[in-house]
Amino acid sequence: MNESVLDALKAAYGWETDQIKHRRFGSGHIHKTYLLTVDGQVYILQEFNDKVFSLPERISGNLAYLMEQFDPGQLPFALPMPVTNREGSFFTRLDGGLFRLFPFVSGITRDAIDQRGQAKIAAEAFARFIQVFLPADARQLKDTIPHFHDLEKRYRQFDTALLHPKVSLDRATKEMIDFYREKSELVDKYLYYRSQLPLRVTHNDTKINNLIFAENLERVNALIDLDTIMAGFVFFDFGDLVRTVACTRDESSMEWDSIDVDMVKYEGLLEGFYTVLAGEIGSEELESLPFGGEMMTLIMGVRFLTDHLNRNVYYQVQYPEQNLHRAQNQAALLDALIGKRAAINALEEKLRNELSL
């Protein structure tokens, strides 16, 4: 970070000091992030990527609306909102870049978790976020990434890519095309839920590394990365947790035969959502949660395959077939989830009995 940015920061936030230290921080792939210390006060500074999020004003509007609705005492963890500059804005244009500042929350982030209890704690945190904003009107939120979790739209993009594929359709690609075409019945179920369930304020990117845990991993200190907060369905947030937490391999793995559902972690995730939201949302919303695991896995697989057919124009790849391999990975997980529907239904029944639902 050059001196001109630091000088502009001081002017933007009214800092009358030369005691500013900074260093790169974290491993995020979208925004450049720095740890900033100003006269002993610690902040997170992000250089915002407005190529990925091309509508930053929608993010500002959404967060401003949530701050109007939100009492920090309602959550047992922090929900760090951007610090406004001297003009009252969340975003500051500095030296050609777009920046924003957050309060620093201590703790650790993880890309994966090992235990059922940790899965439950993570699920409870995301479920409590939904719970706190149940009274809010989700329709007041603007889409920061239009059609982000719209399965119908993603299948239309898939069909369009199939009309004029930019790669040769080898055997592996054809197998994946057939696989995802056969799973289009899940689009009908998505459309049914979309017509029946209420929109909620949802996080929409429920990765484990969007939680800051205490050092002992026994509680959550903060829920972060609020750029994707939009109107959505509860099963979106549960489903992405299942996809990224309950899989026995990460989404880059090519060990197809080792990709399965970790039912111990799945039970922790389901218990976390049920414990917080049972009695707070409708019974059909609760029953939709397992569908979320299948849907979010399907939508990512379709997106990976579509990008492969378009010759990798969206996702970064290290080699030409990587998006195809990612689609194969998600196909293996989706097959595993479908194969365990009976076991998942039994977990739901057990939780309903324990909670007297």
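Summary of the structure given here. All residue numbers refer to positions counted from 1 along the written sequence of the respective chain. Local features are withheld for residues below a pLDDT of 70 in this predicted model, meaning they are given only at 70 or higher, and side-chain atom pairs are given and counted only at 80 or more; totals for whole chains, interfaces and linings count all residues. Processing note: side-chain calculations cover all non-hydrogen atoms of the structure and skip hydrogens and water entirely.

**Topic: the overall build of the protein**
Item 1. Helices and strands together make up the secondary structure of the protein, namely 12 helices and 9 strands.
Item 2. With C-alpha atoms as the basis for the radius of gyration, the globule rule is written as 2.2 Å multiplied by the number of residues raised to the power 0.38. Here the protein has a C-alpha radius of gyration of 21 Å; the compact-globule value for 357 residues is 21 Å, and the two agree.
Item 3. For the protein, the spread of C-alpha atoms along the principal axes amounts to about 60 × 55 × 35 Å.
Item 4. Throughout, a residue-residue contact means that at least one pair of heavy atoms, one from each residue, lies within 4.5 Å. Here the contacts in the protein between residues at least 6 apart in sequence split such that 73% fall between residues at least 24 apart.
Item 5. Positive and negative charge centroids in the protein, built from 39 and 52 side chains respectively, lie 3 Å apart. Secondary structure elements are defined from DSSP: runs of H or I of at least 4 residues count as helices, runs of E of at least 2 residues count as strands, and each element is numbered from the N terminus. His is not counted here, nor are the chain ends, while Lys and Arg score as positive and Asp and Glu score as negative. The location of each charge is read from NZ of Lys, CZ of Arg, CG of Asp or CD of Glu.

**Description of unusual backbone geometry**
Item 1. The phi dihedral of His147 is positive, around 65°, even though this residue is not glycine.
Item 2. Looking at the secondary structure, you find His147 in the loop between helix H3 (116-132) and helix H4 (151-163).

**Quick word on the packing of helix H5 (residues 171-182) against helix H10 (residues 289-309)**
Item 1. To get an axis, fit a line to the C-alpha atoms, keeping to the stretch in contact for a helix; angles then go from 0 to 180 degrees between the N-to-C directions. The N-to-C vectors of H5 and H10 enclose an angle of 140°; their axes lie 11 Å apart at closest approach. One finds that H5 runs oblique with respect to H10. Where H5 crosses over H10, the two elements pack in a sense that is left-handed. Residues Thr173, Met176, Ile177 and Tyr180 of H5 pack against Leu298, Gly301, Val302, Leu305, His308 and Leu309 of H10. Any angle from 65 to 115 degrees is called roughly perpendicular, while one under 35 is roughly parallel, one over 145 is roughly antiparallel, and all others are oblique. Left-handed describes a crossing in which the near helix is turned anticlockwise from the far one by less than a right angle; the clockwise case is right-handed.

**Remarks on the pattern of salt bridges**
Item 1. Note on definitions: salt bridges are taken to be side-chain nitrogens of Lys or Arg within 4 Å of carboxyl oxygens of Asp or Glu. Tallied over the full model, the rule gives 22 salt bridges.
Item 2. Lys10 is paired through a salt bridge with Asp18; the nearest N and O atoms lie 2.9 Å apart.
Item 3. Only protein chains enter the accessibility calculation, which uses a 1.4 Å probe; a residue is then buried when its area is under 20% of its type maximum, exposed when over 50%, and partly exposed in between. A residue is classified by how much of its surface remains accessible, and Lys10, at 18% relative accessible area, is buried.
Item 4. Ionic pairing is found between Glu267 and Arg116, a salt bridge with its closest N-O pair at 3.9 Å. Taken together, the residues span a long stretch of sequence, with Glu267 in helix H8 (residues 263-277) and Arg116 in helix H3 at a distance of 151 residues.
Item 5. One network of salt bridges, in which partners are shared, links Asp205, Lys207, Asp240, Arg243 and Glu251.

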